[in-house]
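The lines below spell out each chain.
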Amino acid sequence: MPLIIQDVKVQGPITIESFIKEYPHFQDSSKDLLNQEVRIVGPKKLLFIGQREVAGTSPQDKSISVLGSDDATTCHIAVLRHTGSGATSLIHFDGCSIVKGLESMVAIVNNLTENVSLGRLELHLVGGFLDEKENSHDVSNKILNAVCKSPHAIHLVTACITHHNTVYRNKIPFPVVYGLAVNVKTGELHPASFPDKGPDIPLRGARHFTGGKENIEIYDSKTEVLTIGPFNYEEMPHIDYYLSLSDYQIRQLLSTSPDQEREDFAQNIRASLMQIRDFPNPFLTVFKGQPRRYRKDAETGAWIMIT
């Protein structure tokens, strides 16, 4: 049994346009999320998950009780939660490796739901908007069809995606929700922003920025350790040229939705570009063949390197 909506199995293939027409109730349920104020989430108990990353945990985790991601324009943030165990996983999809990413989410939740007989897998999707190039449509379509083909029974509860996550300003479409947080203990979802995204953000961004396609798992809830790498990223030709560009030019050249990006988009891109320029072959220059491992400080919420 794959995608289930209101206790009925959905027959694929499906497009976002047909989905919107067939299931209008998601528009009403999306309003509950869209009408909430964006909450600023501090580092305590937070695990931030970036683009092409996946992670999860359970209510038994003493270090993490909130999973979150941000900076989603055409990207989609997906949350999978088991209603019996409370085990929850989150991924930031940008259109790459969606089938494998979904399997990773399910595996994380199932591994944390041992010996729990009651409950079901519930999926929440947030992100995308009605962009002119229809990149959001493509991500929505890929996710919906990946769930349709999944061997697991997945109940879609929230679909605040593309059409339902769009607001117009001066006739230009924008996403309403850019960032999302989920409370693992309660299952509550809310729009969020994250001033502290954790360690190695330029390094993590450099991986997907230069073509790393996989959604990598970054957290082990049993040891409560965040692990980054080791990995390599590709060298980028003409990198000094890109670093010389203005903020406007960086948005135009390096974003799928330049008009809708946050103010810090160009700053974040520059940080990853400098990472690529200054640390080529990171497997040796950054990781020295070993992962970078961190544990959460209970008092400050900072990630402290342990290796």
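Numbering of residues starts from 1 in each chain and follows the order in which that chain's sequence is written. Totals for whole chains, interfaces and linings use all residues, but because this is a predicted model, local features are given only for residues with pLDDT of at least 70 and pairs of side-chain atoms are given and counted only at 80 or more. In computing side-chain values, all of the structure's heavy atoms are included and hydrogens and water are not.

For the protein, the name recorded in an unreviewed UniProt entry is Protein N-terminal asparagine amidohydrolase, with Lymnaea stagnalis as its organism.

For any two helices packed against each other, the geometry comes down to the angle between their axes and how far apart the axes lie. Helix axes use the C-alpha atoms of the stretch in contact, all axes being lines fitted to C-alpha atoms, and the angles between their N-to-C directions lie in the range 0 to 180 degrees. Numbering goes from the N terminus for both helices and strands, where a helix is a DSSP run of H or I of at least four residues and a strand is a run of E of at least two. Taken N-terminus to C-terminus, the directions of helix 7 (residues 247–254) and helix 8 (residues 265–278) make an angle of 75°; their axes are 9 Å apart at the nearest point. In terms of axis orientation, helix 7 runs roughly perpendicular to helix 8. Mapping the contact onto sequence places Asp-247, Ile-250, Arg-251 and Leu-254 in helix 7 and Phe-265, Ala-266, Ile-269 and Arg-270 in helix 8. In this count, Pro and Cys sit with the nonpolar residues alongside Ala, Val, Leu, Ile, Met, Phe, Trp and Tyr, while Asp, Glu, Lys and Arg are called charged and the others, Gly among them, polar. Grouping the constituent residues of the contact of helix 7 with helix 8 by class yields five nonpolar, no polar and three charged. Should an angle fall under 35 degrees it is taken as roughly parallel, and over 145 as roughly antiparallel, whereas 65 to 115 is taken as roughly perpendicular and any remaining angle as oblique. Any two residues having at least one pair of non-hydrogen atoms within 4.5 Å are treated as being in contact.

With that out of the way, let us pick up the packing of helix 3 (residues 98–111) against helix 4 (residues 135–148). Running from amino to carboxyl end, helix 3 crosses helix 4 at an angle of 55°, the nearest separation of the two axes being 9 Å. By the angle class used here, helix 3 and helix 4 are oblique. Our pair here, helix 3 against helix 4, has a crossing hand that is right-handed. For the pair formed by helix 3 and helix 4, the contact residues are Ile-98, Val-99 and Leu-102 on the first element and Val-139, Lys-142, Ile-143, Ala-146 and Val-147 on the second. Here the contact of helix 3 with helix 4 is built from residues that sort into seven nonpolar, no polar and one charged. Rotating anticlockwise by less than a right angle from the far helix to the near helix defines a left-handed crossing, while the corresponding clockwise rotation defines a right-handed one.

Our focus in this paragraph is the pattern of salt bridges. Think of a salt bridge as a Lys or Arg side-chain nitrogen and an Asp or Glu carboxyl oxygen that are within 4 Å of each other. This structure, assessed with the given rule, holds ten salt bridges. Note that Asp-94 is salt-bridged to Arg-52, the shortest N-O span being 2.5 Å. Within this pair, whereas Asp-94 is found in the loop between strand 8 (88–93) and helix 3, its partner Arg-52 is found in the loop between strand 4 (46–48) and strand 5 (53–57), the two being separated by 42 residues in sequence. Here Asp-94 matches Arg-52 in class, with each residue buried. Two residues, Lys-142 and Asp-138, come together in a salt bridge whose shortest N-O distance is 3.3 Å. Remark: Asp-138 and Lys-142 occur in helix 4; sequence separation between them is four residues, near one turn of the helix. Connected through salt bridges with shared partners, the residues Asp-7, Arg-120 and Glu-122 form a single ionic network. Each residue's exposure class comes from its accessible area (1.4 Å probe, protein chains only) as a fraction of the maximum for that residue type: buried when under 20%, exposed when over 50%, partly exposed otherwise.

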